[in-house]
Structures are given as C-alpha cells and as structure tokens.
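# Structure assessment
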Amino acid sequence: MSQKETNVTKAFEIAVERYAALGVDVKKSIDTFLNLSLSLHCWQADDVAGFETADGDLSGGIQVTGNYPGKARNMDELRDDILKATAFLPGKHRLSLHAIYADYGGQRVDRDAIGPEHFTSWMEWAKEHGLKLDFNSTSFSHPLSGNLTLSNPDPAIRRFWVEHHKRCREIADAMGRYQNDTSIMNLWIHDGSKEVPASRLYYRQLLESSLDEIFSVSYTHMFDALEAKLFGIGLESYTVGSFDFYLGYGAKKGKMLTLDAGHFHPTESIADKLSSLLLFSPGVMLHVSRPVRWDSDHVVILNDDLTDLGREIVRCGMLDRIHIGLDYFDATINRIGAYIIGARSTQKSLLMALLEPTALLRQYESEGRLFERLALQEELKAMPWGDVWNYVCLTNNVPTDDACIKEIQDYEMNVTSKRL
Ligand code: RNT
Ligand code: ZN
C-alpha cells in the first residue's frame, strides 16, 4: 500500500467507528451507495449540439454560455468524454441520450423518421462499457421548433412532433430490451410564449390531446417521464407544460414526473416535492441541476439544495422508484471537469445521506426532543463523510478528490486541447 492508500484507509477506519457510535453501519451504507446509478446527461460534453446539423443554433429557450476550447465535435469524441467522466465515478451508471445524438450514418434523417436502428451503435457501445441508456425527445433546435410543438394549433406541425415522440418511445423501448432493463423516455417540450396568450386553456388542451395520442401505444421496457418547466428565455409569460399541467396529467395517467431543480420558483425546493409525488406516481425522475437566479443550468455543487435533495432521496426509502438524472451545461470552463464535478457532488450528497443516523433523528422527533434533533443535524455536517468518500473512490479505482484536478488537466492536455 502506498502512503496515501494507508492514510485514506486509516481515516476511513476512524470514520467507521465514529459513525458506528451514532448507530450507522458504514459498510452497509457503501453497499447501498454503490447500487445507486446516475443517469449522465450526454449533452454536457458538446453544449447540447448533437449530430443532426453542423451549424444549428440551440433554441427552445435554453442557453449554454461560454466557448471554452475542447468541445466534443463528433460521436467518437463525445463517447471518449463520457467514458472519461464515468472513470471518475464509483459505481455503475446510465447515460441519457437526446434524440439529436442519433447515429445517422451520414444520412439526413428528420426527427419524425428516426428509429431504433439509429441508436444501434449506441446500444452496443453502452453495453460494451457497462452503461445503460435512457432517452429524451428533442423539441428544440429544429426548423419546426418555433414556440409551439405538441401544442401547436397547426395540425401538420403538431403531427410532426407527435410522430417524433412516438418514435422516441419506440427507441427507448428498444434500448430497454437490449439492456434487459427499462429505459426512461424523458419528455420535455419548450412550448410557451413571451406574452400571456389570450387562451391559456387552448394550448393545454392541444398538449393533452397530443400526449394522449403519443401514449396510446404501450410498451414493456420503457417508462415515460414528463418534465415541467416554469419558463424559458423568450417564453417568459406562459409555459404550456407547467408543473400543474403535468402533475394533473401524470396522476391521471400513471406517468412519472421529472423534477428539474431549475424549473421552479427560486426558493421552491424539489427535495420537498419527492415525498408527495412518490405517493401518487409510479416514480420520479430527477434532473439534478443548479439554478442561479433562473434555470441557468450551472454545474451542480454540494450546496444545501443538493444535500437536502440527497437526504430526501434516501429518507423516502424508495430508492428503486427514484431515477437520478443530471442536467447542467457549462461551456465557460473545462467541460469534462464540469461534468465530473457535478456528478461527483451528486454522488457525495447521496453518500452523506446514506451515512445519516436517520433512526436517531426520528427518535428525537417522535419524543418531541427538537433541540436534540437540530443539534445532531448540525453535528452531522462535521462528520467525516469525506473520509468515507475517499475510501469508496480508492477501493473502486476512481481518483480520490485530491487527484481529480491533475487527472482532468491531463485529459485536457492530451485530448481536448487538441481539438482545434
Ligand atoms: C430544459 C430542460 C431539459 C433540457 C435538456 C437538454 O429546461 O431542463 O431537460 O435541459 O433536455
Ligand atoms: Zn431538465
């Protein structure tokens, strides 16, 4: 063992004892932790560009800032970057693909014509690397995107997007079958308007009927997840697919909702919503993100929002019904570094939560000892969870925190900086 390995192990052993004193079985927490997969968003590595056109601008009210060199320019580079990111994450993970990341094989294939065959190479590649796939329909960055897609009054435009979504569900089902599991198809559309429309109801009725048509086919290897939003850039006054809309639709039709941390009013917490949704829907998909004043998709960091979310994920005790996807994009800094920071911070929040002596907190609570509950919560902040994290990294062959910067710099020097 190197000196570093000895130190990490020693610190871990002390941490195990300290947690044991609070009634926490660290080894058991680690086992649970290693079974929690993140669904990595493929779009951090190339600024949500995809492979459809070389020059298409990002539309749909979302925005990537920055122009840091080294963006993935093609499928091989994107795959290299994704593998690089996963090499920093203990455990087994999933990859969430957007429809515009199809392997078009040099052909022009429109969104109402894509099928599982355009994702065969992804499925094979993912299996080879132990990743499972999730999927997303893409409503933005297309000549027919405009401000309205599934809720467009023009029947031809609506039909185009209905067909796109039908195909996306078929693709997700094919992925699920191939990986002997399910695949989640996340549906987010940007539909909305800059000013308040004269009929808010009308567009929502159109969206409802489009969704009914999309969901008229049932599949066995995919789950639908519906992602609501508060507003988009240029679409500030009205969002057709609001939270209330999908909450109602999802509850009525037994569909999962996707909670994106950036899609609510700034002080509204998605952590609080989990325990409500889990009572009434088959599951919840998360888009772990970090809003700064708006849905800015900043790189996820270990702040109070994230630790609160991690705790709720674990405390609800329904880990198999919560799917933890990531959704942020930042092109102002090293993209792979950004990818890794956000993913590792999300994992840290989960590990911290799994190390919580929840039984003791609940005991204090049930006995009305609220000072003790608060005091213990504060004490936990200084517990050596970082020593457990480093040990998990070491024993799962991923870099410990102190090695990350250097390894990401090496990848930049040897790989991404050469992409001119
Ligand atoms: C947009 C939504 C959506 C997208 C991705 C690219 O506000 O969060 O999930 O970020 O589909
Ligand atoms: Zn999202």
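What comes next concerns the included structure. This is a predicted model, so every value here is computed, not measured. (Residues numbered from 1 in each chain as written. Chains lettered and ligands numbered in written order. Predicted model: local features only at pLDDT ≥ 70, side-chain atom pairs only at ≥ 80, totals over all residues. Heavy atoms only, no water.)

## Regarding the site of ligand 1
Where we set the bar: Any residue with a non-hydrogen atom lying within 4 Å of a molecule or strand is treated as near it. Think of a polar contact as two N or O atoms within 3.5 Å of one another; within protein, one of them needs to be a possible hydrogen donor and the other a possible acceptor, and neighboring residues in sequence only count if both atoms come from side chains. Lining residues are those with an atom within 4 Å of a point, where the points come from a 1 Å grid over the protein atoms alone and group into cavities, where a 1.4 Å probe fits but cannot get out, or pockets, open sets with protein on both sides within 12 Å along at least five of seven lines. For a cavity or pocket, the test is whether more than half of a molecule's atoms lie within 2 Å of its grid points; if they do, the molecule sits there. Three classes are used, and their members are as follows: Ala, Val, Leu, Ile, Met, Phe, Trp, Tyr, Cys and Pro are nonpolar, Asp, Glu, Lys and Arg are charged, and the others, Gly among them, are polar.
In the vicinity of ligand 1 lie 14 residues, with H98, E227, K229, D260 and D327 positioned nearest. Note that an oxygen atom of ligand 1 is positioned 3.2 Å from one of the side-chain N or O atoms of H287. In this structure, D295 approaches ligand 1 through a side-chain N or O atom, which is 3.2 Å from an oxygen atom. Because more than half of its atoms lie within 2 Å of the grid, ligand 1 is assigned to the largest cavity. Looking at side-chain class alone, the shell around ligand 1 contains six nonpolar, three polar and five charged residues.

## Section: the packing of aromatic side chains
Formally: Any two of the Phe, Tyr and Trp rings considered here, Trp counted by its six-membered ring, make a pair once their centres fall within 6.5 Å; the pair's planes then place it as stacked at under 30 degrees, edge-to-face at over 60, or tilted in between. Strands are runs of DSSP state E lasting at least 2 residues, helices are runs of H or I lasting at least 4, and numbering of each runs from the N terminus. Exposure classes here rest on a 1.4 Å probe applied to the protein chains alone. A residue is buried below 20% of its type maximum, exposed above 50%, and partly exposed in between.
Enumeration according to the criterion identifies 13 aromatic pairs in this entry. Each ring, one from W122 and one from W125, has its centre 5.4 Å from the other, and the planes form 85 degrees; the classification is edge-to-face. Residue W122 and its partner W125 are both found in helix α4 (residues 120-128); the two are separated by three residues, about one turn of the helix. Here the two residues W122 and W125 agree in accessibility, since each one is buried. Here the aromatic rings of F160 and W161 are separated by 5.0 Å at their centres, their planes lie at 90 degrees, and the arrangement is edge-to-face. Each member of the pair, F160 together with W161, is buried. Three or more aromatic residues link up through ring pairs in this structure, and these residues are F215, F245, Y246 and Y249.

## Structural notes on the side chain of D330
Which entries qualify depends on this criterion: In this count, Lys and Arg are taken as positive residues and Asp and Glu as negative ones, while His and the chain termini are left out. Note on definitions: salt bridges are taken to be side-chain nitrogens of Lys or Arg within 4 Å of carboxyl oxygens of Asp or Glu. Whether two residues touch is decided by their heavy atoms; if any such pair falls within 4.5 Å, the residues are in contact.
Summarising the element assignment, D330 is placed in the loop between β12 (322-326) and α10 (335-354). Buried and without a salt bridge, D330 has R290 as its closest oppositely charged side chain, separated by 6.5 Å. Within the local environment of D330, its side chain forms a polar contact with the side chain of T332, the two groups lying 2.7 Å apart. Leave out the neighbours within four places in its chain, and D330 touches Q44, T65, V299 and R335.

## Description of the coordination of the zinc ion (ligand 2)
For clarity, the cut-off: Metal donors: N, O and S atoms at distances within 2.8 Å, or within 3.2 Å for Na, K and Ca, with water omitted from the atom set so that some sites may seem incomplete. Note on geometry labels: four donors, all angles 85 to 135 degrees, give tetrahedral; four donors become square planar and six octahedral when opposite donors are over 155 degrees apart and every other angle is between 65 and 115; remaining cases are irregular.
Looking at the zinc ion (ligand 2), the protein donor atoms are E227 (OE), D260 (OD), H287 (ND1) and D327 (OD), and they sit 2.1 to 2.2 Å from it. The site at the zinc ion (ligand 2) holds six donor atoms, and with the angles between them running 71 to 169 degrees, its shape is octahedral. Mapping the donors of the zinc ion (ligand 2) onto the primary sequence gives the spacing E-x32-D-x26-H-x39-D. One end of the pair, E227, is in strand β6 (residues 222-227); the other, H287, is in strand β9 (residues 284-288), and 60 residues separate them in sequence. Of the two residues, E227 and H287, neither departs from the other in class, the shared state being buried.

## Some details on the packing of helix α9 (residues 304-315) against α10
The condition that has to hold: Every axis corresponds to a line fitted to the C-alpha atoms, with the helix fit spanning only the stretch in contact, and the corresponding angles, defined between N-to-C directions, vary from 0 to 180 degrees. Convention used here: angles under 35 degrees read as roughly parallel, angles over 145 as roughly antiparallel, angles from 65 to 115 as roughly perpendicular, and any remaining angle as oblique. Less than a right angle of anticlockwise turn of the near helix away from the far helix marks a crossing as left-handed, whereas a clockwise turn marks it as right-handed.
At a minimum axis distance of 8 Å, the contact between α9 and α10 shows a crossing angle of 55 degrees. By the criterion of interaxial angle, the relationship of α9 to α10 is oblique. When the axes of α9 and α10 are compared, the crossing they make is right-handed. Only S345, T346, S349, L350, M352, A353 and L354 of α10 make contact with α9, whose side of the interface consists of L306, T307, G310, R311, I313 and V314.

## Details of the sheet that holds strand β4 (residues 183-187)
The pairing of strands in a sheet happens through backbone hydrogen bonds and is either parallel or antiparallel. Where we set the bar: Strand pairing follows a simple DSSP-based rule, namely that at least 2 bridges must link the two strands.
An order of β1-β2-β3-β4-β6-β8-β9-β12 is seen for the eight strands of this closed barrel, with the pairing classed as parallel. With strand direction ignored, the average angle separating the axes of adjacent strands in the sheet is 30 degrees. Two strands pair when backbone bridges link them, and strand β8 (residues 256-260) and β9 are joined in this way by four bridges, in the parallel orientation. Looking across to β9, one finds that T258 is bridged to M285. Across the sheet, helix α8 (residues 270-280) lies against β8, β9 and β12, angled at about 175 degrees from β8, the strand it touches most.

## Description of unusual backbone geometry
Positive phi outside glycine occurs at D47, with the angle close to 60 degrees. Within the secondary structure, D47 is located in the loop between β1 (38-41) and α3 (75-86). Not every positive phi belongs to a glycine, and R293 is a case in point at roughly 70 degrees. Mapped onto the elements, R293 comes out in the loop between β10 (290-292) and β11 (294-298). On the basis of relative accessibility, which here comes to 79%, the residue R293 falls in the exposed class.

## A closer look at the pattern of salt bridges
Throughout the structure, instances matching the rule amount to 28 salt bridges. Of the charged contacts in the structure, one is a salt bridge between R94 and D181, with a shortest N-O distance of 3.0 Å. Of this pair, R94 sits in strand β2 (residues 94-98) while D181 sits in the loop between α5 (155-178) and β4, and the two are 87 residues apart along the sequence. On the basis of relative accessible area, R94 is assigned to the buried category, the value being 15%. Across the salt bridge formed by D181 and K132, the nearest N and O atoms sit 3.6 Å from each other. On the criterion of sequence distance, the pair formed by D181 in the loop between α5 and β4 and K132 in strand β3 (residues 132-136) is long-range, its members being 49 residues apart. Put simply, R73, E77, D81 and R419 are held in one network by salt bridges that share partners.

## Thoughts on empty space enclosed by the protein
Which entries qualify depends on this criterion: Grid points are joined across faces, edges and corners, and a volume is the space filled by probe spheres set on the points.
Considering all chains together, one arrives at four cavities of 30 Å³ or more under this definition. Tallied by class, the residues present in the lining of the largest cavity amount to six nonpolar, six polar and six charged.

## Considerations on the nonpolar core
Which entries qualify depends on this criterion: Residues belong to a common nonpolar core when they are buried Ala, Val, Leu, Ile, Met, Phe, Trp, Tyr or Cys residues joined through side-chain atoms within 4.5 Å.
With 123 residues, the main nonpolar core has W122 and L286 as its most contacted residues. Non-local contacts of W122, meaning those with residues more than four positions away in its chain, are made with F51, M75, L78, R79, I82, L95, L97, Y101 and L133.

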